[in-house]
Amino acid sequence: MHTSRELTLARLPSGVPIRTTVHAYGEGELVDGGDGPELDAPEDAPVVYTQAAQHGREVNGTAVLRRLHERLVGEASETGAEGGPSAADLDGTLVAVPVADPLTFDRVSYTTPESLDSRQPNMNRCWPGDPEGSLHERMAARLWRFAGEADAIVDLHTGSPSMATHTVYMRGDEACRGLAEAFGADLLLAEAAGDDADTEWDERGFAGKLRVAATREGIPTITPELAHSKEIVPEAVAAGVSGMVGALRHEGLLAGEPDAWDGVVARNHLGRAIADDSGLFVPEPDLAVGDRVTEGERVGEVFDPTAFETLQVARADRDGIAYSVAREATVTAGATLVGVAERIDEE
Ligand SMILES: [Zn+2]
């Protein structure tokens, strides 16, 4: 069974409502409640919540949910052309929100301008939201009514073309780790939280990420970061669809086991090569995201565009995986040239 409903997330100053669409597949259905749509699902069957584009330029997640929709309810599922599951096969309910933040989606951006939300320009810093808060806080609170009832959450994001595909989960949380493995990306980033995290984590408001807020509520949650934003890339969409199928198998909505995972676990937000000075950055020609790097290894150079001299030979600050490589050459002092995720053996 498939049902969908329009959902009003908040209201703009002009009175225009900010709306998005919620889908439900499988045993549960969306019904009209007194205060907007509600999910009516059997108590004993699992519910998975997924959303895309809470950073509106990260459109590949939206394309993933469209392809998944076609497989669950479209002709492909009826004819079996893609061998995909159908919504009738789901033992439980999948709730999907393809555009979680219409404000950033329409601006093809990551954050909103101050005029829309001066307190929380980044929607992924204010979960579980506040029904009486700022625009983003209200929008998050409205979506949390679905997300907060789920047994597992997949929050689809995408990185830039210069970032390796990976899945983030909370370090030390077994259930999140299992879901991350089921999604299938080769690189898993185990992010520490709370007391174990560094000060940057606190300063950047990471406690308000959907993944962190939900994990703290006991809902296993992962953030896949598929390749590329702004541009729909077939490989990223395919990786996302197969990841969703793996996650649905892991949660028992689909029959079968997810593919066995055989990748690397690393931790992020610490290692990098930083621009000592402003100029133009040229990465090493053979350096690609996902490559192993060692401490002191040359990763590129920054040169002065007018006098031509080399300002800096950039080197990795530790052993790890090249998790991001700046592809836009114009860099300012302090910018991250190469991000290095440090390989760890998870506890
Ligand atoms: Zn994002």
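Being a predicted model, the structure only gives us computed values, none of them experimental. (Residues numbered from 1 in each chain as written. Predicted model: local features only at pLDDT ≥ 70, side-chain atom pairs only at ≥ 80, totals over all residues. Heavy atoms only, no water.)

A. Summary view of unusual backbone geometry. At the junction of tryptophan 127 and proline 128, the peptide bond is cis and its omega measures out at 5 degrees in the coordinates. For alanine 53, which is not glycine, the phi torsion reads 60 degrees and is therefore positive. Since its relative accessible area comes to 0%, alanine 53 is described here as buried. In the Ramachandran plot, histidine 228 falls in the positive-phi region, its phi being about 70 degrees despite a non-glycine side chain. (Buried < 20%, exposed > 50% of the residue type's maximum accessible area, 1.4 Å probe, protein only.)

B. Structural context of the pairing of strand β18 (residues 336-343). When you tally the buried positions in β18, you get six out of eight residues, the bulk of the element. Here four bridges tie strand β16 (residues 320-325) to β18, and the two strands are oriented antiparallel to one another. By the bridge assignment for β18, valine 325 is matched with valine 338. (Helix = DSSP H or I, 4+ residues; strand = E, 2+ residues; numbered from the N terminus. Pairing = 2+ DSSP bridges.)

C. Structural context of helix α1 (residues 60-73). Relative to the 20 Å expected for 14 residues at 1.5 Å per residue, α1 spans 20 Å between its end C-alpha atoms, a close match to the ideal helical length. If you check which residues of α1 are buried, you get Asn60, Gly61, Thr62, Ala63, Val64, Leu65, Leu68, Arg71 and Leu72. (Expected span 1.5 Å × (residues − 1).)

D. A look at the pattern of salt bridges. Taken as a whole and judged by the stated rule, the model has 14 salt bridges. A salt bridge links arginine 298 to glutamate 301, with the shortest nitrogen-to-oxygen separation between them at 3.5 Å. The class for arginine 298 is partly exposed, based on a relative accessible area of 35%. In the salt-bridge network here, residues are joined through shared partners; they are Arg267, Asp317, Arg318 and Glu342. (Salt bridge = Lys/Arg side-chain N within 4 Å of Asp/Glu carboxyl O.)

E. Fine view of the pairing of β16. Among the six residues in β16, six count as buried, and that is most of the element. Bridge analysis of strand β13 (residues 292-293) against β16 gives two bridges, and the strand direction is antiparallel. By the bridge assignment, arginine 292 is partnered in β16 with isoleucine 321.

F. Region of the structure containing the environment of glycine 320. Along the chain, the position of glycine 320 falls in strand β16. Judged by its relative accessible area of 8%, glycine 320 is buried. Sequence spacing of glycine 320 and glycine 339 is 19 residues, and the spatial spacing of their C-alpha atoms is 9.4 Å. When neighbours within four sequence positions are excluded, glycine 320 is seen to be in contact with Asp291, Arg292, Val293, Val340, Ala341, Glu342 and Arg343. (Contact = heavy atoms within 4.5 Å.)

G. Examining the coordination of the zinc ion more closely. Each protein donor to the zinc ion is listed here as His55 (ND1), Glu58 (OE), Glu58 (OE) and His157 (ND1); together their distances run 2.1 to 2.4 Å. Judged by relative accessible area, histidine 157 falls into the buried class, the value being 1%. (Donors = N, O, S within 2.8 Å, 3.2 Å for Na, K, Ca; no water.)

H. Broad picture of the domain arrangement of the protein chain. Taken domain by domain, the protein chain consists of domain 1 (2-262) and domain 2 (271-343). Distance from the C-alpha centre of domain 1 to the C-alpha centre of domain 2: 32 Å. Both faces combined, the contact of domain 1 with domain 2 buries some 600 Å², and carbon together with sulfur accounts for 69% of it. Taken together, the links from domain 1 to domain 2 amount to zero salt bridges. Split by residue class, the side of domain 1 that touches domain 2 holds four nonpolar, two polar and one charged. (Domains from an automatic or database assignment. Buried area = accessible area lost by both parts, 1.4 Å probe. Nonpolar A, V, L, I, M, F, W, Y, C, P; charged D, E, K, R; others polar.)

I. Region of the structure containing the side chain of serine 324. With respect to the helices, strands and loops of the structure, serine 324 is situated in strand β16. A residue is classified by how much of its surface remains accessible, and serine 324, at 14% relative accessible area, is buried.

J. Inspection of a negative patch on the surface at higher detail. There is a patch of like negative charges on the surface, built from Glu27, Glu43, Asp44, Asp89 and Asp91. Summarising the element assignment, glutamate 43 is placed in the loop between β4 (36-40) and β5 (47-52). The exposure class assigned to glutamate 43 is exposed, which follows from its relative accessible area of 83%. (Patch = residues over 30% accessible without salt bridge, like charges linked within 9 Å, V, L, I, M, F, W, Y side chains within 5 Å. Areas by Shrake-Rupley, 256 points an atom, 1.4 Å probe, with all protein chains shown as cover. Lys, Arg positive; Asp, Glu negative; His and termini not counted. Charge placed at Lys NZ, Arg CZ, Asp CG, Glu CD.)

K. Inspection of the nonpolar core at higher detail. Formed by 37 residues in total, the largest nonpolar core has its most connected members in Leu94, Leu156, Tyr169 and Met244. The element that contributes the greatest number of residues to this core is helix α8 (residues 234-250), accounting for seven residues. Residues in contact with leucine 156, not counting those within four places in the same chain, are Thr50, Gln51, Ala52, Ala53, Gly61, Val64, Leu65, Phe183, Pro224 and Met244. If you look at the next biggest cluster of nonpolar residues, it comprises 30 residues, including Ala100, Ala140, Leu210 and Ile219. (Core = buried A, V, L, I, M, F, W, Y, C linked by side-chain atoms within 4.5 Å.)

L. Representation of helix α4 (residues 135-147) in the model. In this model α4 runs 18 Å from its N-terminal to its C-terminal C-alpha over 13 residues, within 8% of the 18 Å that 1.5 Å per residue would give. Of all 13 residues making up α4, eleven are buried, and the element is well covered by its neighbours. Here α4 has its buried residues at Leu135, His136, Glu137, Met139, Ala140, Ala141, Arg142, Leu143, Trp144, Phe146 and Ala147.

M. Structural detail: the sheet that holds strand β15 (residues 310-315). Reading across from one edge, β15-β14-β12-β17 is the order of the four strands in this open sheet, with antiparallel pairing throughout. Two strands bound the open sheet, and with one partner strand each, they are β15 and β17 (330-331). Bridge count between strand β12 (residues 279-283) and β17: two bridges; the pairing is antiparallel. Along β17, the bridge assignment pairs leucine 280 with threonine 330.

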